[in-house]
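# Chain and residue survey
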Amino acid sequence: MRILFYILLILFCATGVSYAQNEDVKGTFDYSDKRTFNIAKITIEGAESRDRNAIKSIAGLREGKSITIPGDDIPKAIKALWKLQLFEDVQILQEKVEADLIYLKIILVERATLSRYSITGENKNKHQDLTEIIDKIIKKGSIVTEDIKSLAKVKLAEYYIDKGNYDAKIEIEEVEDNVKPNSVRLVFDIDKGDRVKIGNINIIGNRRFPDSKLLRKLKNTKVKGTLLKKSKFVQETYKEDKRALIDFYFTSGYRDATILRDSVWRDYNGDLQIVIEITEGDQYYFRNISWKGNSKYTDEQLSNVLGINKGDIYNPELLEKRLSFSIDGRDVSSLYLDDGYLFFSIDPVETAIVGDSIDMEMQIYEGAQATIDKVEIEGNDRTHEHVIRRELRTKPGSKFSRTNIMRSQRSIMNLGYFNPETMNIETPINQQNGTVDIIYQLEERPSDQLELSAGYGGGTSGLIGTLGVTFNNFSIANIKDRSTWSPLPQGDGQKLSLRAQSNSRFFRSYNFSFTEPWLGGKRPTSFTVGAVHSAFDREFFGQGSLNITRGFVGIGSQLKWPDDFFAINSTLTLETIKLKDYDFGQFFVELDDGRLINIDNGNFKNFSINQTFSRSSVADPIFPRRGSRVSLSIQFTPPYSLFREDNYWLLDESEKGMLIDAANRERGPGNPLSPTEEDNLILTEENARKFEWLEYHKWRFNAEWYYNIFDKLVIMTNIKLGFLGAYNGDIGIAPFERFEVGGDGLSNQNVGITGKDIISLRGYGVQDNNVDDRGSSINARGGGAVFDKFTMELRYPLSLNPNSSIYVHGFIQGGNAWENFKEFNPFELNRSAGFGVRVFLPMFGLLGFDYGWGFDRPGGGTQFNIVLGFEPE
């Protein structure tokens, strides 16, 4: 005997309505007569993956329990199972009744789960964004319901509305998945439609400012056709733009300005029309400014820092900056916060408004001075703590100083080991003790760099390759500690650089350098030692060979005067240059009669001292947004000629004869030198003797400034000047250490090994610069003794991710080189303009390119330059 109980019948029975149900052929069951049963057995059909005991427990039914029919037990059980939202059908059947025992069956039909989903109608590059939205709503294996699908539609529609696609249509098709039982796959069919653009923005009520100026204040709400800006309407950014519009009025003295109303609708073309109605009010001015509560500083001192005078336009934004925080440090708060007054506060109060003038009272609470209790560092997984602590200006026991915290932050960022975007500084205060803790929260980022390239030039070139590694956080002390190796010992902030470059037999170069930034560990005194050997062999082409070997040692220190942004660095260099029949047109000396003598043989020694004075206030070395770098360097050799007899380089008659005889023997019988060739040979030898020990003084000045215009857009300006001089006019300018302006500045490519300063000039090749009436450039004549270069760039970052920092830039540039100071003309520039991109990858360093138009290039044209590893000069 089986009696089927449907939930609807039970609910009606519970209200006292009587129904009769067939009890097979054994008669009827009278629901008006309540009976109590003991559950003898419960069987569950369906929902095979669900725990049976859990289902019984949730339903509140178990064997042996007494239930009343009709009553609340069965309806409650059904409701409890429905609340799980796991089933699309729930039934409780009575299988049979034996006396006061009842046998029940629970039949469950599970809802389908999501096996997978797909997206159609949208570009592949958008799928990641859409997948992130969908995954937050429903995951694989989750129950699929209509509510879930509706929520997914809403969230996807919101995504497209933020993109300006107000007509986007999202359809979700549910398809049974035959691969996995009781599962479905969802197909998100998306038709984003055209982006709805803003056809017109009409501002009403503005008398003081033209529409064009006010429309520029709407940073993210632009009419279609606006240069370099997308036209789209996003509600949140529109609200922000309206606030920015009123803030502009406030900063101009219109403190009563407000937006009365605004309307947004779509016209018959589907474009948005926006009307903003403004009431401007009157313009206000500052009148009397008084101070209250100040004992540390006088009213006059505070007024001088504030820098706002009677009659100035009322500007609450400027007032807030001058009171609380100004980038240039000119604010009242800095006076107090840099002297330990951490609990200081200031509240500007309008005390009177008379006509168009406003009186202000600055109510100050100075509080007690706070001292630093603990300084903690978090997140330095690889860098040893002492490397960070030695950069800090915040010491336990010292007075709190906001400037010292900012300088400490800048110093940590300049290390290059940590992500500047995630760096955070916490300052928990213990007001009862008058102390503050400072917690530097850091995130390590990769800092080592690898340079690797290889190729086969074919023919005579053979194998071409470069291998270079730079370990910027090296540690000599940890060489024995294998746990610090990654791949070499790290953590002490030392720098180790190794590089090898080869072009088969024709070119080889080996570089080594090591820097300890804190020699002795007590002061920021850097110590650098290194060596370079380069060989250029062109004997195969009959052009001889060139070898340069250089060793150097340097020491640098941070100064405290004029301020601690200044530094000084001294470098001692010993270099040997060996030329053997080197006929590659690199080193020339110009005679008094204008003739050029090519220096192609000889051993030359270059013993020099370089003294550099620099100042840097740049915070982020990869993408600076503000600050400056200025440096002046003087490189000089001893004036050897002052201690030697006059004309020591001239050959006597016997030496001339031996030189000519040796050359004639080499040429063979019947082919002697001509008188002109003899003269050139003697001049070449005499000049080689003249410069055997190079003597010169060399001056370099570099300056660059960074300014954050708005958002992340940065303007950079740069000036470079150089001058090479001689102690002795009879000796003249040395053929080495000159300036070569043009090309990409990669000194070891294309131009060979020059022994010169390579100054890049975008838009120009190496031989395009300063072409004279002889048809040759100054670079082809050995380079100049004077140069200048001016650059302006607009930079904007595409990514500041520490694993891949990318920015694009546009530039204008001008530069030139001259043979001597008399010919120098700072306005005679080779001008160029163009654009480029820079990518900084921690493992590979700086990569990029520039494409420039050389306006003064002979014959016109463009130049494509590549940047590898470093920013060329």
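Just so you know, the residues in each chain are numbered from 1, in the order the chain's sequence is written. Given that this is a predicted model, residues contribute local features only at a pLDDT of at least 70 and side-chain atom pairs are listed and counted only at 80 or more, while totals for whole chains, interfaces and linings are drawn from all residues. As a convention, hydrogens and water are excluded, and side-chain values are obtained from all of the structure's heavy atoms.

## Describing the overall build of the protein chain
- Numbered from the N terminus, helices here are DSSP runs of H or I no shorter than four residues, and strands are runs of E no shorter than two. Looking only at helices and strands, the protein chain has 14 helices and 39 strands in total.
- With C-alpha atoms as the basis for the radius of gyration, the globule rule is written as 2.2 Å multiplied by the number of residues raised to the power 0.38. Taken against the 2.2 N^0.38 rule, which gives 29 Å for 873 residues, the C-alpha radius of gyration of the protein chain at 41 Å runs more than 25% over that of a compact globule.
- Principal-axis analysis of the C-alpha atoms gives the protein chain an extent of 145 × 80 × 65 Å.
- In the protein chain, buried positions account for 44% of the 873 residues. A simple rule labels every residue: compare its accessible area, found with a 1.4 Å probe on the protein chains alone, to the largest value its type can have, and call it buried under 20%, exposed over 50%, or partly exposed in between.

## Here we look at helix α8 (residues 299–306)
- By the burial criterion, the buried members of α8 are L302, V305 and L306. An end-on view of α8 places all buried positions within 100° of arc, on one side of the element. Among the exposed residues of α8, those oriented more than 90 degrees off its buried face are E300 and N304.
- Buried residues along α8 sit in contact with β13 (285–292), α9 (316–323), α10 (332–337) and β15 (357–365). Our arc is simply the arc of the directions from the helix axis toward the C-beta atoms. Only heavy atoms enter the contact rule, under which two residues are in contact if any of them lie within 4.5 Å.

## Considerations on the sheet that holds β13
- A pair of strands is labelled paired if DSSP reports no fewer than 2 bridges between them. Taken in spatial order, the 3 strands make up an open sheet running β13-β15-β14, and their pairing is mixed. The open sheet is flanked by β13 and β14 (345–354), the only strands paired with a single partner. Pairwise comparison of adjacent strand axes, ignoring direction, gives a mean angle of 25° for this sheet.
- Relative to β15, β14 is paired through 9 bridges, and the arrangement is antiparallel. Paired with I353 across the bridge in β15 is I358.
- Those strands touched by α8 are β13 and β15, and its axis lies near 140° from that of β13. Each axis is a line fitted through C-alpha atoms, and for a helix only the stretch in contact is used; angles between axes span 0 to 180 degrees, taken between their N-to-C directions.

## Structural notes on the pairing of strand β26 (residues 566–580)
- Both strand β25 (residues 545–558) and β26 contribute to a ladder of 14 bridges, which runs antiparallel. When the bridges of β26 are listed, Q558 appears paired with A567.

## Things to note about the sheet that holds strand β10 (residues 198–204)
- Ordered by their spatial adjacency, 3 strands build an open sheet running β10-β12-β11, and the pairing between neighbours is mixed. Every interior strand has two partners, whereas the edge strands, β10 and β11 (258–266), have only one. Neighbour to neighbour, the strand axes of the sheet diverge by 10° on average, direction disregarded.
- Sheet topology note: the β10/strand β12 (residues 272–279) ladder contains 6 bridges and is parallel.

## What to know about a negative patch on the surface
- Together, E171, E173, D189, D191 and D194 make up a negatively charged patch on the protein surface.
- Elements with a minimum of two residues in the negative patch: β8 (169–176) and β9 (183–191).
- Along the polypeptide, D194 turns up in the loop between β9 and β10. Patch members must show over 30% relative accessible area and no salt bridge, and they are joined within 9 Å when carrying like charges or within 5 Å when they are nonpolar side chains of Val, Leu, Ile, Met, Phe, Trp or Tyr. All accessible-area figures derive from a Shrake-Rupley calculation using a 1.4 Å probe, and residue coverage is judged against the displayed protein chains alone. The salt bridge criterion pairs a side-chain nitrogen of Lys or Arg with a carboxyl oxygen of Asp or Glu, the two atoms within 4 Å. Working convention for charge: Lys and Arg count positive, Asp and Glu count negative, and His plus the chain ends are omitted. A single reference atom marks each charge: NZ on Lys, CZ on Arg, CG on Asp, CD on Glu.

## Things to note about the side chain of K789
- Tracing the chain through its elements places K789 in strand β35 (residues 786–801).
- Engagement of the side chain of K789 in a polar contact is seen with the backbone oxygen of S760, the distance being 2.8 Å.
- K789 has contacts with N718, I719, K720, I759, S760, Q813, G814, G815 and E873, leaving out every residue within four places of it along the chain. In the analysis that follows, any N or O atom pair within 3.5 Å is treated as a polar contact, provided that within protein one partner can donate a hydrogen and the other can accept it, and provided that, for residues neighboring in sequence, both atoms belong to side chains.

## Considering the pattern of salt bridges
- Per the stated rule, a full pass over the model turns up 41 salt bridges.
- Where E376 meets K374, a salt bridge forms, and the shortest distance between an N and an O atom there is 3.8 Å.
- Classification of E376 as partly exposed rests on a relative accessible area of 29%.
- Looking at K374, the relative accessible area reads 41%, which means it is partly exposed.
- A salt bridge links D850 to R762; the shortest N-O distance between them is 3.5 Å. Taken together, the residues span a long stretch of sequence, with D850 in strand β38 (residues 845–854) and R762 in the loop between β34 (757–759) and β35 at a distance of 88 residues.
- The buried category is assigned to D850, whose relative accessible area is 3%.
- Under the relative-accessibility criterion, R762 is labelled buried at 7%.

## Some remarks on the nonpolar core
- Core analysis: the biggest nonpolar cluster contains 34 residues, and L546, L579, F587, I599, F604, F691 and F736 have the highest contact counts within it.
- Taken together, the elements giving at least two residues each to this core come down to β25, β26, α14 (675–690), β33 (739–741), β35 and β36 (804–818).
- Definition of nonpolar core: a set of buried residues of the types Ala, Val, Leu, Ile, Met, Phe, Trp, Tyr and Cys, connected through side-chain atoms within 4.5 Å. Listed in part, the 22 residues of the second largest apolar core include I42, A59, L81 and V90.

## A short note on a positive patch on the surface
- On the surface, a cluster of positive charge is made up of K213, R216, K219 and K229.
- Structurally, K229 is set in the loop between α6 (211–217) and α7 (235–251).
- The partly exposed category is assigned to K229, whose relative accessible area is 41%.

## Some remarks on the environment of S608
- Take S608: it is sitting in strand β29 (residues 602–616).
- Looking at S608, the relative accessible area reads 2%, which means it is buried.
- The sequence separation of S608 and Q635 amounts to 27 residues, and the corresponding C-alpha distance is 6.5 Å.
- When neighbours within four sequence positions are excluded, S608 is seen to be in contact with T571, L572, T573, Q635, F636, T637 and Y696.

## Comments concerning the environment of T470
- The topology assignment puts T470 in strand β21 (residues 463–474).
- Other than its neighbours up to four places away in sequence, T470 contacts D448, Q449, K495, L496 and S497.

## Things to note about the confidence of the model for the protein chain
- One confidence number per residue, pLDDT, is output by the predictor and ranges from 0 to 100. On average, residues of the protein chain carry a pLDDT of 84, and 91% of them reach 70 or more.
- Under a pLDDT of 50 for its full length, residues 747–753 has, in the predicted model, 21 contacts with residues more than four places off or in other chains.
- Below a pLDDT of 50 lies the segment residues 771–776, which in the model reaches 10 contacts outside its immediate sequence neighbourhood of four places, other chains included.

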